[in-house]
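Read off the chains here:
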Amino acid sequence: MKYESVPSICPYCGCGCGILLQVLDGELVGVLPQKNHPINRGALCIKGWNSWQFVNNKDRLTTPLMKENGEFKPVSWDEALTFIAEKLSKIKQGSGPDSLAVLASAKCTNEENYIIQKFTRAVLGTNNIDHCARLCHASTVTGLVGSFGSGAMTNSVPEFVESDVILITGSNTIEQHPLIGSWLLEAKEKGTKFIVVDPREIPMVKFADIYLQFKPGTDVAWLNAFMNIIIQEGLEDKKFIGERTEGYEELKNAVGNYTPELAEKISGIPKEKLIEAAKMFGSADKGSIIYSMGITQHITGTDNVQSVANLAMLTGNVGRRGTGVNPLRGQNNVQGACDVGGLPNVYPGYQAVTDPNNKKKFEDAWGVQLDDKAGLTVVEILNGVDEGKINGIFIIGENPMLSDPDINHVKEALQNLDLLVVQDIFMSETAELADVVLPAASYAEKEGTFTGTDRRVQKSSKAIEPVGESRADWEIICDIARRMGAKGFEFESSSQIMDELASVSPIYGGLTFERLGSNGGLLWPCPDKTHEGTEFLHSGKFTKGKGSFMPIEFIEPNELPDDEYPLILSTGRLMFHYHTGTMTRRTPVLANEVKTGFVEMHPDDAEKLSISDGEMVKVSSRRGEIEIAAQVTEKIRPGVIFIPFHFAECAANVLTNPALDPKSKIPELKVCSARVEKIPV
Amino acid sequence: MTDFEPNILAFCCNWCSYAAADLAGIGRMKQPTNVKIVRVMCSGRVKPEFVIKALADGVDGVLILGCHIGDCHYVSGNHRTKKRFEIFSKLLGHMGIDPRRIRLDWASAAEAIEFAKIITDFTETIKELGPNNYAGKHERATA
Amino acid sequence: MNEQLREVVKGLFARDEVEVVVSLKLNEGCVAPHMYSKEDDLSSMVHSPKYPIGIVVSMIQKKYPDTKIGVVIRGCDERILIELAKRNQVNLDNIVLVGIACTEEDAKDCLCETPFPTKIDIGEKVEGITTDENIEKISQMDMDERFDYWMGQFDKCMKCYGCVYACPTCICENCILEEDMWVKTGELPPEFPSFHLIRAYHSTDRCVDCHECERACPAHIPLVTLYRMIRKDVEDMFGYKIGTDVNEKPPLVTVLEEEG
């Protein structure tokens, strides 16, 4: 007879809410919110409250599976891992290390991602490692590193209540980061003003002092005009610009051409409202900017992010409490997966693989020879299959068959591999295509740390034993590494892995499991064992020294509406579901709220096509077509349609455009051209 | 306001009030035509959720008509209706929904005249209150 | 107070009055409900912040109906257990209560009328708070102002069901609020006024004023204000005081003659 509440971190978004897993006699029976937690303060969203449900789902993978004549058959761990180890070695020898690639997971712990990238670099011998951050905030990392020297959210979540004005653009905060939404609602009650700039009338619009609806993909145009107005009005922070930044004159020249009239023409934002908003933001003492995928998922993603950074520097809103550039990260550990090196161009702690000093440092630490050229990114890896460059992919806890743009192409690529290994908790659409499927333990079944959106590294404890024969991801990878003859994978606990991670990654330098505790953890950078963590970045000085203004010109999206595909398709998520739905669609309460996908369209567009609310329609793009129910709503602009991407049966990513931002390689998931048609009866 | 014709829903119990409605009809009594009757086995069947649903869907007024206390075909069904109704009316008031939009009354199978009077009175009251714009007001505020 | 609490619990174990004790545990900075047995080190046992411990006790008792369970309670927890007992969710015969009186600060925080249990083992009894400014403010409003006030509040609702999940006396296995028939599914904010009107109505004869719903609300909606207004009506109209007498039946399930 044993009952306990095990402190853990919610496995959904990047808020980093503290949860208590209720365990009765070794069985997971519920969740309670942690009351004294610094982020969620005793509250949770509907996903958090139900985050225990999928753990015991009957669909959990419980044994390794290998495909034989097109059918999966259960095999022993020994058989599966021996096969994988041999096959990986063979491909490595046959076609070289760079013919292998690994997708790490923003759902795995920091320790696991550290092991995954170490395995990729030190054992497979390639830098071809990436993960879904490529699809959400790659442009944030690239953009903010360029502007500030650090690619993370500058300030911490509780600081939002101290802001005077918050500019929210391309972030559906209430639905996607509900417990950050909670802080924003509190800020609102305390008098903070909100400017919401979004193509869709998202729930936050109700609380906006100014709402600007604009045409997707025109971010740089309105942001430049916004800054131009601030400069014209003399609201720029001259002291800050002079002391802390460089390149101001170039910026001033670049934005000078963007008059409110031009911005109105390009983006559709009425110039009076844009001027009003710019004055409001420019006059604020503490102005904070929140953004998310609406800014990042464009071929101009890096440009958009750097425009946001320009605005923050122009108004002196960096390096103080209640200010900053605050990208909200989508996965509970997408920040961490980036931090610990789950990216093709950096070692743990954002240390470039191309820098010989870093290479030497990690060669010494790991006792192997490393590759000094950056690896391939998610979409490039899949393209590499077409080109015959990639022969084997190891995918951990990701589902590109639903999350990546142009799924038909993804499927083709994954079917053309010599080896596809998928390690997951459920048989995902991607796992169906694998040669070997390995059952992983869920978050409740292992110990480790997750890094929330505000750089908050928190420990999550093990609540129950792994379901079936499933094993923690780090244990599986270490086992394969050892089978391939590698040294340095003899860990006995996550805590030991963290110690090694801390020793090679200065931003995590002071972290140990003991110090992290179970109540809010520590915010990186935390360079040494006595350091208390960092609430907000760039205090007094930017990470890179002086902040760099980037003069940026507006570029149209890759695909524009034309006669054949006259509508702009944008994609996103819903409150009640999460990413590819593997967890939420197996959670009864969530599945009950929204059962399948829909396409939002404006009544004007619906009327032109004689489409009524709820009618099944065909949506097509240059890449494919889906059948989906229409939801006719005035919450979206005429000419724009929106589809949530959670649902495999009407997958938005069949339609999306894989065109990449040249700088960060993020695909343009937020804008492509599409057509809606009536389905003939 | 004078040309406002309210949409009223009446839940009538099978044993008394529905029979009263029937009798009023057979007797060709003059009564407003604004009322749509839903026949239930007992007024106790009317969960407050029914009333909430009606109000949320834009019905202007809801009547619940049962047997007189003591005459319930199921002995105490209407006792519960009465208590629920009283507390539910209070709750509506606290939330700013005029409790006069709902009314509980009794009519035996023989009380056709009384039935017609209840309907007439209630229709007048709702006409005075004007249209139910609760759901609409919300939609406008969030649109 | 924590020291005193541990002493009292130690005494219960020593005298074999209970087999286990449900209380709160401080673990690496995180406070959470926990079940202690006789052999356990009690030095981690704490009493604050409060949690909806009634939910935990009910869950444990359903699996172990015959085990003597000690439960560390505050005034609201006692009321919760009484309401749960009325609905066959706990068996008070197998529960030994360890009563904690809330501090003045706690009482003010909750605007609690009865911030202490019947029997106090730990702490000093402080007077209850009987005034609620928010209720007074709303009482002065006319119907339209009230409607606008609540509409403004409920517009913030994120449909997390936190008020339902955190409520220790919400015990239905299937919640009517999840049914598309009554509250349209998938909408944000949830259908107004349906969601909150139904929830408030369901709280009328069972809300013990523990504040768990409001604390769990990410939108900071003053749910307790509304529930408290209707609780007062229940008291005035039926003379029914929620959470005081386990033998007193909820007024909405009794017939008229039984009253008074």
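Residues numbered from 1 in each chain as written. Chains lettered and ligands numbered in written order. Predicted model: local features only at pLDDT ≥ 70, side-chain atom pairs only at ≥ 80, totals over all residues.

Asks: Quick question: what am I supposed to make of the overall build of chain B here?
Replies: Looking only at helices and strands, chain B has five helices and four strands in total. Along chain B, helices (α) and strands (β) appear in the sequence β-α-β-α-β-α-β-α-α when read from the amino end. The C-alpha radius of gyration of chain B comes to 15 Å, within 12% of the 15 Å expected for a compact globule of 143 residues. Once the C-alpha set of chain B is aligned to its principal axes, its extents read approximately 45 × 30 × 20 Å. Here chain B, with 143 residues, has 52% of them falling under the buried criterion. Across chain B, every contact between residues at least 6 apart in sequence was considered, and the portion connecting residues at least 24 apart equals 80%. (Helix = DSSP H or I, 4+ residues; strand = E, 2+ residues; numbered from the N terminus. Rg over C-alpha atoms; globule rule 2.2 N^0.38 Å. Buried ≥ 20, exposed ≤ 12 C-beta atoms within 10 Å, placed from the backbone. Contact = placed C-beta atoms within 7 Å.)

Asks: What's the story with the overall build of chain C in this structure? I'm lost.
Replies: Across its full length, chain C carries 10 helices and five strands. Expected size for 260 residues packed as a compact globule is a radius of gyration near 18 Å; at 19 Å, chain C falls within 12% of this value. Its C-alpha atoms put chain C at 60 × 50 × 40 Å along the principal axes. A burial count over chain C gives 49% of its 260 residues as buried. Pairs at least 24 residues apart make up 62% of the contacts formed inside chain C by residues separated by at least 6 positions.

Asks: Explain helix α1 (residues 17–26) of chain B to me, please; I cannot follow it from the model alone.
Replies: Quick reminder: α-helices carry 3.6 residues per turn. Residues three or four places apart thus point the same way. Residue and element names in this part refer to chain B. Those residues of α1 not exposed but buried are Ser17, Tyr18, Ala19, Ala20, Ala21 and Ala24. Packed against the buried residues of α1 are β1 (8–13), β2 (35–40), β3 (61–66) and α4 (112–129). Arginine 28 occupies a position one or two residues after α1 and carries a positive phi of about 55°.

Asks: Explain the interface of chain A and chain C to me, please; I cannot follow it from the model alone.
Replies: One frequent convention defines the size of an interface as the accessible area lost when the parts assemble. The partner chain C presents 36 residues to the 41 residues of chain A that form the contact. Those elements that provide at least two residues to the side of chain A that touches chain C are β1 (3–9), β2 (18–24), β3 (27–33), α1 (46–49), α6 (173–176), α7 (178–189) and α23 (588–593) of chain A. Partitioned by chemical class, the residues of the side of chain A that touches chain C number 22 nonpolar, 11 polar and eight charged. (Nonpolar A, V, L, I, M, F, W, Y, C, P; charged D, E, K, R; others polar.)

Asks: I'm lost on the sheet that holds β1 of chain B in this one. Help?
Replies: Hydrogen bonding along the main chain pairs the strands of a sheet, whether they run parallel or antiparallel. All names here are of chain B. Here four strands make up an open sheet; going across it, the order is β2-β1-β3-β4 and the pairing parallel. Pairing within the sheet leaves two strands with one partner each, and these edge strands are β2 and β4 (102–106). In this sheet, neighbouring strand axes are inclined to one another by 20° on average, regardless of whether the strands run parallel or antiparallel. Across five bridges, β1 lies against β3 in parallel orientation. The residue of β3 that forms the bridge with leucine 9 is valine 62. (Pairing = 2+ DSSP bridges. Axes fitted to C-alpha atoms, helices over the stretch in contact; angles between N-to-C directions.)

Asks: Would you take a moment to explain the domain arrangement of chain C for this structure?
Replies: Residue and element names in this part refer to chain C. Looking at the assigned domains, one finds that chain C contains domain 1 (2–110) and domain 2 (133–258). Here domain 1 and domain 2 have C-alpha centroids that lie 26 Å from each other. Looking at the side of domain 1 that touches domain 2, the elements that each hand over two or more residues are α2 (53–63) and α3 (75–86). Of all the elements, α3 adds the most residues to the side of domain 1 that touches domain 2, at eight residues. (Domains from an automatic or database assignment.)

Asks: Sorry if this is basic, but what is going on with the sheet that holds strand β4 (residues 65–68) of chain A here?
Replies: All names here are of chain A. Reading across from one edge, β5-β4-β18-β17-β16-β6-β7 is the order of the seven strands in this open sheet, with mixed pairing throughout. Pairing within the sheet leaves two strands with one partner each, and these edge strands are β5 (71–74) and β7 (129–130). Pairing analysis gives four bridges linking strand β17 (residues 419–424) to strand β18 (residues 436–439), with the strands arranged parallel. Following the sheet pairing, aspartate 424 is matched in β18 by proline 439. Where helix α2 (residues 77–95) meets the sheet, it contacts β4, β6 (100–103), β16 (392–396), β17 and β18, and its direction lies at approximately 130° from that of β18.

Asks: Explain the interface of chain B and chain C here, please?
Replies: Each side of the interface is counted separately: chain B has 26 residues, and chain C has 29 residues. Those elements giving two or more residues to the side of chain B that touches chain C turn out to be α2 (48–56), α3 (77–94) and α5 (134–142) of chain B. No other element matches the 11 residues that α3 of chain B contributes to the side of chain B that touches chain C.

Asks: Help me out: how do you make sense of the packing of α2 of chain A against helix α20 (residues 473–483) of chain A in this one?
Replies: Between two packed helices, the angle of one axis relative to the other and the distance separating the axes together describe the packing. Residues and elements named next belong to chain A. Their axes nearest at 9 Å, the elements α2 and α20 cross at an angle of 55°. One finds that α2 runs oblique with respect to α20. Along this stretch, α2 crosses α20, giving a crossing that reads as right-handed. Residues Leu81, Thr82, Ile84 and Ala85 of α2 pack against Asp479, Ile480 and Arg483 of α20. Looking at the contact of α2 with α20 residue by residue, the class counts come to four nonpolar, one polar and two charged. (Parallel < 35°, antiparallel > 145°, perpendicular 65-115°, else oblique. Left-handed = near helix turned anticlockwise from the far one by under 90°.)

Asks: Sorry if this is basic, but what is going on with helix α19 (residues 407–415) of chain A here?
Replies: Residues of α19 of chain A that are buried: Ile407, Val410, Ala413 and Leu414 of chain A. Here the buried residues of α19 of chain A occupy an arc of 120° about the axis, which is enough to place them on one side. (Arc of directions from axis to C-beta.)

Asks: Sorry, what's going on with the pairing of strand β9 (residues 193–197) of chain A here?
Replies: The two faces of the sheet receive side chains in turn, since in a regular strand these alternate between them. Here β9 of chain A lies mainly inside the structure; five of its five residues are buried. Side chains Lys193, Ile195 and Val197 of chain A of β9 of chain A all project onto a buried face; the interleaved residues Phe194 and Val196 of chain A project onto the opposite face, where all are buried too.

Asks: Please clarify how the packing of helix α3 (residues 110–124) of chain A against α20 of chain A should be interpreted in this entry.
Replies: Residue and element names in this part refer to chain A. Interhelical geometry of α3 versus α20 gives an angle of 20° and a closest axis separation of 8 Å. With respect to their mutual orientation, α3 and α20 come out roughly parallel. Here α3 runs over α20; the crossing is left-handed. Touching Glu111, Glu112, Ile115, Ile116, Phe119 and Val123 of α3 are Asp473, Trp474, Ile477, Cys478 and Ala481, all from α20. Classifying every residue of the contact of α3 with α20 by side-chain character gives eight nonpolar, no polar and three charged.

Asks: Where do I start with the pairing of β4 of chain B in this structure?
Replies: All names here are of chain B. Across the five residues that make up β4, a large majority, five, are buried. Note that β3 and β4 share five bridges and pair parallel. Directly across from leucine 63, in β4, lies its bridge partner arginine 103. After leaving β3, the chain enters α3 and then returns to the sheet as β4, a path that is right-handed. (Right-handed = clockwise from strand over helix to strand, strands pointing away.)

Asks: Can you walk me through the confidence of the model for chain C in this structure?
Replies: Low pLDDT marks regions whose predicted coordinates should not be analysed in detail. Across chain C, the average pLDDT comes to 94, with 98% of residues at 70 or higher. Interface confidence for the predicted complex, given as ipTM, is 0.96, next to a pTM of 0.95. (pLDDT = per-residue confidence, 0-100.)

Asks: Please clarify how unusual backbone geometry should be interpreted in this entry.
Replies: A negative phi holds for most residues other than glycine; trans holds for most peptide bonds. Residue proline 525 of chain A is reached from tryptophan 524 of chain A by a cis peptide bond, and omega for that bond is 0°. Inspection of the secondary structure assignment puts proline 525 of chain A in the loop between β21 (522–523) and β22 (547–548). Following serine 48 of chain C, the chain continues to proline 49 of chain C via a peptide bond in cis, the omega torsion being -5°. You can see proline 49 of chain C is positioned in the loop between β3 (45–46) and α2. The residue valine 75 of chain B is not glycine, and still its phi comes out positive at about 70°. You can see valine 75 of chain B is positioned in the loop between β3 and α3. Positive phi outside glycine occurs at histidine 211 of chain C, with the angle close to 75°. With respect to the secondary-structure elements, histidine 211 of chain C resides in the loop between α8 (194–203) and α9 (212–215). Residue class for histidine 211 of chain C comes out buried when judged on the 20 C-beta atoms lying within 10 Å of it.

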